Amino acid sequence: PLPAAPDVARLTARNPACTLRFMHIVCVHRGMYPERIGGTYSYVYELYRRLARSGHVVDVIASTREAEARPPFELEGMRVHEYAIRRINPVSSTLQHLGNTTRIFQRLASEHAVDVLTIHESQLGHRLAVGKAGRGVCQLPTFHAPVFLEVRFDTAWKVRSERSPLRRTIMRATEPPLEYWQRRFERDVLQAANGILVLSKYSKGHIEREFPSVDLDRVSIVPGGVDTQRFCPAADRSAVRARLGLDNEVMHLLTVRKLAPRMGLEQLVSAMPEIARAAAAAGHSVDLTLCGDGSLRSTLESQIERLGLRGTVRLAGRVTDEELV
């Protein structure tokens, strides 16, 4: 059974000075933890389960990779509403996302008035933001990154890596319209917003450069957090390093992210010889571990071999949340 709306009168009666207004929050995101892990999936899960724990009614609309979506279910106090799509091509997938998110939102709004609509991916919630369904609702999207630029960078890398002239031609022809529509989706969602959340000055800078029509006064920086009870220094670091096979006398660098062209990992690996030389000159040794997987893995493997970094740079692959700690 889904949790009912909080009894505001009962909660505030405990503290007459309490002026907190409990809200009905609807979040739109591509997927939901733990089906998908890492990046914004963990961010959305951690943020909205805490809002639910604070007494707010939180509905999360998310797609699933399964062939069929489950009925609405409770997860850590949140109510999750899944929908499944058939992955044919980017245009078909986007239309399915837009139709499903709108349909589910309209059902939720008819059951209980929505106070806040927060969209985390514009190509999923664009129809909500600019259409009738989103009017009268406080729209507070979170801008993580300019996805249209990610499309550009990833396509350029795929073109360089593709051996077939025909496929390269198709990629070059389809990229501009995909980038155009993605950029328009992002611009429209930001312009329709009552307020915009970003996690860093870096993300706010992207809005300023790429979407000059958006009022920057509506942008608020709210950095991400960390569970310091879960992620904290070990009592015996030497024991942890021994278990992981890491030299206790070496300085270790770590990055955890998807191995994708836009992440700058090729530049990081290219810098390692110079970093190693500088460290050696100061009497130190340094290693780099990259956690994650993706399309760039084989390229990084070749680069590590070519630069003679096999003993200095390690690809650990994707790690579980437990291993990550």
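Throughout, residues of each chain are indexed from 1 in the direction in which the sequence is written. The predicted origin of the model limits local features to residues at a pLDDT of at least 70 and limits the giving and counting of side-chain atom pairs to 80 or more, whereas totals for whole chains, interfaces and linings rest on all residues. Just so you know, side-chain values use all the structure's heavy atoms and leave hydrogens and water out.

K.L.:
Quick one: what's the story with unusual backbone geometry, residue by residue and with numbers?
P.N.:
That bond from Y33 to P34 is cis: its omega, 10°, falls within 30 degrees of zero. Under the scheme used here, helices are H or I runs from DSSP no shorter than 4 residues and strands are E runs no shorter than 2 residues, and both carry numbers assigned from the N terminus. Relative to the elements of secondary structure, P34 occurs in the loop between β1 (24–29) and α2 (39–53). The backbone of E76 sits at a positive phi, close to 55°, despite the residue not being glycine. Secondary-structure assignment places E76 in the loop between β3 (73–75) and β4 (78–84).

K.L.:
Residues and numbers for the side chain of D287, please.
P.N.:
Relative to the helices and strands, D287 is located in strand β10 (residues 286–291). Three exposure classes are used, based on accessible area relative to the maximum for each residue type with a 1.4 Å probe and protein chains only: buried under 20%, partly exposed in between, and exposed over 50%. The sign given to each residue is positive for Lys and Arg and negative for Asp and Glu; His and the chain ends receive no count. Take a side-chain nitrogen of Lys or Arg and a carboxyl oxygen of Asp or Glu: if they are within 4 Å of each other, that pair is a salt bridge. Buried within the structure, D287 lacks any salt-bridge partner; R314 is the closest side chain of opposite charge, at an N-O distance of 7.5 Å. Apart from the residues lying within four places of it in its own chain, the contact partners of D287 are V250, M251, H252, L253, M272, G311 and T312. Pairs of residues are marked as contacts when any of their non-hydrogen atoms sit within 4.5 Å.

K.L.:
Account for the sheet that holds β10, with residues named and values stated.
P.N.:
Backbone-to-backbone hydrogen bonds join strands into a sheet, with any given pair of strands oriented parallel or antiparallel. Read across the open sheet, the 3 strands follow the order β9-β10-β11; overall the sheet is parallel. Edge strands, defined here as strands with exactly one partner in the open sheet, are β9 (251–256) and β11 (313–317). When strand polarity is set aside, the average angle formed by the axes of neighbouring strands in this sheet is 20°. Each axis is a line fitted through C-alpha atoms, and for a helix only the stretch in contact is used; angles between axes span 0 to 180 degrees, taken between their N-to-C directions. Against the sheet, helix α9 (residues 265–281) contacts β9, β10 and β11, and its axis sits at roughly 165° relative to β10. Following DSSP output, two strands are said to pair if at least two bridges run between them.

K.L.:
Before we move on, could you go through the pairing of β4 and cite the residues and values that matter?
P.N.:
Burial within β4 is extensive, with 6 of its 7 residues counted as buried. Pairing between strand β2 (residues 57–64) and β4: 6 bridges, direction parallel. Across the sheet, residue T64 finds its bridge partner in β4, namely A84. Pairing of β3 with β4, which is carried by 3 bridges, proceeds in the antiparallel orientation. Bridge assignment links F73 to a residue of β4, and that residue is V80. Two successive antiparallel strands, β3 and β4, enclose a turn made up of 2 residues, where E76 displays a positive phi of approximately 55°.

K.L.:
Which residues make up the sheet that holds strand β6 (residues 138–139), and what values go with them?
P.N.:
In spatial order, the strands read β3-β4-β2-β1-β5-β6; together these 6 strands make up an open sheet with mixed pairing. With one partner strand each, in any of the chains shown, β3 and β6 form the two edges of the open sheet. Across 4 bridges, β1 lies against strand β5 (residues 116–119) in parallel orientation. Counterpart to C27 in the pairing with β5 is T118.

K.L.:
Can you break down a nonpolar patch on the surface residue by residue, with the values?
P.N.:
Within the patch definition used here, like charges are joined within 9 Å and nonpolar side chains (Val, Leu, Ile, Met, Phe, Trp, Tyr) within 5 Å, considering only residues with over 30% relative accessible area and no salt bridge. In short, Shrake-Rupley with a 1.4 Å probe defines the accessible areas, and a residue's cover is counted only from the protein chains shown. A cluster of nonpolar residues, V226, F231, L254, V256, L324 and V325, forms a patch on the protein surface that exposes about 530 Å² of accessible area. Examined against the element boundaries, V256 turns out to sit in strand β9.

K.L.:
Before we move on, could you go through the packing of α9 against helix α10 (residues 297–306) and cite the residues and values that matter?
P.N.:
Axis separation between α9 and α10 bottoms out at 10 Å; the angle between their running directions is 10°. For the element pair α9 / α10, the angle class is roughly parallel. Two secondary-structure elements touch here, α9 through L265, E266, V269 and S270 and α10 through T299, L300, Q303 and I304. Three classes are used, and their members are as follows: Ala, Val, Leu, Ile, Met, Phe, Trp, Tyr, Cys and Pro are nonpolar, Asp, Glu, Lys and Arg are charged, and the others, Gly among them, are polar. Split by residue class, the contact of α9 with α10 holds 4 nonpolar, 3 polar and 1 charged. Throughout this description, any angle smaller than 35 degrees is read as roughly parallel, any larger than 145 degrees as roughly antiparallel, any in the 65 to 115 degree range as roughly perpendicular, and the remainder as oblique.

K.L.:
Describe the pattern of salt bridges, listing the residues and the values that go with them.
P.N.:
Summed over the entire model, instances satisfying the criterion amount to 15 salt bridges. Across the salt bridge formed by R107 and E111, the nearest N and O atoms sit 3.6 Å from each other. On the criterion of helical spacing, the pair formed by R107 and E111 is a turn pair, its members being 4 residues apart in helix α3 (residues 90–111). Look at R107 and you get partly exposed, because its relative accessible area is 32%. The salt bridge involving E210 is made with R183; its shortest N-O contact spans 3.4 Å. Highlighted residues: E210 in helix α7 (residues 201–210) and R183 in helix α6 (residues 165–192), separated in sequence by 27 residues. Linked by salt bridges that have partners in common, E46, R49, R50 and E76 make up one network.

K.L.:
I'd like a rundown of the environment of T255, residues and numbers included.
P.N.:
Structurally, the position occupied by T255 is in strand β9. T255 sits in the buried class, given a relative accessible area of 14%. Remark: the alpha-carbon pair of T255 and L268, spanning 13 residues in sequence, is separated by 9.9 Å. With near-sequence residues (within four places) excluded, T255 lies in contact with L265, L268, T289, L290 and C291. Between N or O atoms, a polar contact is any pair within 3.5 Å; within protein, one atom must be a potential hydrogen donor and the other a potential acceptor, and residues adjacent in sequence are included only when both atoms are from side chains. There is a polar contact of 3.3 Å between the side chain of T255 and the side chain of R257.

None of the figures reported here should be taken as evidence of function without further support.
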